[in-house]
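A structural walkthrough
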Amino acid sequence: MNRPDRPAHGEVTRPWRVETRPWDDPAGRDLRARQRAELDARYGTDEHEPGTPPSESDIAVFVVALVVATTRPLGCGALRELSRHSAEIKRMYVVPDARGTGVATALLRALESAATDRGWSTLRLETGTAQPDAQRFYQREGYHPIEAFGSYVGSELSLCYERRLRADRPDLGGSGASRAK
């Protein structure tokens with residue numbers, strides 16, 4: 001697999017950055033469509049997401065990772081408020097040739113930082129049984145399995161995770177969404 005420091009035509013190059021963008025941002029729409037197509041292929045159906053899909057009206061934060069020189073979108077992620085103290089990670093996605101390069105971790109840190117800035121101390125998420133790569137990633141990043149919550153209760157395809165955030169952690173302090181990577 002090629003890495004950002006060894007780019008081939010059309011692949012990831014450094015430096016890249018994570019930016020907060022509106023939900024309807026064209027790059028974000030494209031990344032979400034690519035994620036949907038990948039998940040449809042993995043599950044063999046387009047009916048793999050229980051509950052209400054995220055939308056502009058219920059997403060509090062949306063971040064996009066971009067190559068600095070070209071503004072090529074590399075990945076995205078969002079936060080949906082669950083309660084005064086918690087939010088759900090939605091639409092985490094990284095394009096295939098940027099996986100394993102740190103883009104996903106940077107997106108996750110930006111979301112965690114944004115959650116801390118908003119006073120949310122807990123992040124939850126749902127991933128699926130056909131996404132072992134996502135399961136490994138979240139566990140490596142300190143998320144632990146929990147019982148299904150909300151619309152995921154009873155879904156045979158859903159695996160839920162949670163992480164309690166600490167405001168005193170240096171990697172979660174300040175606004176991570178504007179840091180270049």
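Please refer to the structure higher up on the page.
Attention in this report is confined to the structure presented alongside it. (Residues numbered from 1 in each chain as written. Predicted model: local features only at pLDDT ≥ 70, side-chain atom pairs only at ≥ 80, totals over all residues. Heavy atoms only, no water.)

Among the nonpolar cores identified, the biggest contains 40 residues, and L79, I89 and Y138 are the most heavily contacted of them. Of all the secondary structure elements, the ones that give two or more residues to this core are β1 (16-20), β2 (61-67), β3 (73-83), β4 (86-94), α2 (103-117), β5 (122-128) and α3 (132-140). Considering every element that reaches this core, the biggest residue donor is α2, with eight residues. (Core = buried A, V, L, I, M, F, W, Y, C linked by side-chain atoms within 4.5 Å. Buried < 20%, exposed > 50% of the residue type's maximum accessible area, 1.4 Å probe, protein only. Helix = DSSP H or I, 4+ residues; strand = E, 2+ residues; numbered from the N terminus.)

Moving on, we get to the packing of α2 against α3. Two elements in contact, α2 and α3, have axes whose closest approach is 12 Å; the angle formed by their N-to-C orientations is 55°. One element, α2, and the other, α3, form an angle in the oblique class. Helix-helix and strand crossings are classified by hand; for α2 and α3 the assignment is right-handed. The residues of α3 that touch α2, namely those facing A104, T105 and L108, are F137, Y138 and R140. Its residues assigned to classes, the contact of α2 with α3 comprises four nonpolar, one polar and one charged. (Axes fitted to C-alpha atoms, helices over the stretch in contact; angles between N-to-C directions. Parallel < 35°, antiparallel > 145°, perpendicular 65-115°, else oblique. Left-handed = near helix turned anticlockwise from the far one by under 90°. Contact = heavy atoms within 4.5 Å. Nonpolar A, V, L, I, M, F, W, Y, C, P; charged D, E, K, R; others polar.)

Right, let's talk about the layout of surface pockets for a bit. By rolling a water-sized probe across the atoms, one finds the places where empty space is left. Counted as a void, the largest pocket has a volume near 840 Å³. Together, 38 residues line the largest pocket, and M92, Y93, Q131, A134 and Y138 are the ones closest to its centre. Elements supplying a minimum of two residues to the lining of the largest pocket: α1 (26-43), β4, α2, β5 and α3. Tallied by class, the residues present in the lining of the largest pocket amount to 16 nonpolar, nine polar and 13 charged. (1 Å grid on protein atoms, 1.4 Å probe; cavity = no way out; pocket = protein on both sides within 12 Å on 5 of 7 lines; lining within 4 Å. Points joined across faces, edges and corners; volume = space filled by probe spheres on them.)

This part is about α3. Listing the buried residues of α3 in full gives A134, Q135, F137 and Y138. Burial along α3 is one-sided: seen end-on, the buried residues are contained in an arc of 165°. Facing away from the buried side of α3 by more than 90 degrees, the exposed set consists of R136 and R140. Among the residues trailing α3, G142 stands out with phi positive, at a value near 95°. (Arc of directions from axis to C-beta.)

A word on the sheet that holds β4. Pairing is mixed in the open sheet, where seven strands are placed in the order β1-β2-β3-β4-β5-β7-β6. Each edge of the open sheet carries a strand with a single partner, namely β1 and β6 (144-146). Direction aside, neighbouring strands of the sheet carry axes that sit 30° apart on average. Note: β1 against β2, five bridges, orientation antiparallel. By the bridge assignment for β2, E19 is matched with V64. In this fold α1 packs onto β2, β3, β4 and β5, with an angle of close to 80° to the strand it touches most, β4. Its contacts with the sheet place α2 against β1, β2, β3, β4, β5 and β7 (158-164), and it is angled at close to 160° to β4. (Pairing = 2+ DSSP bridges.)

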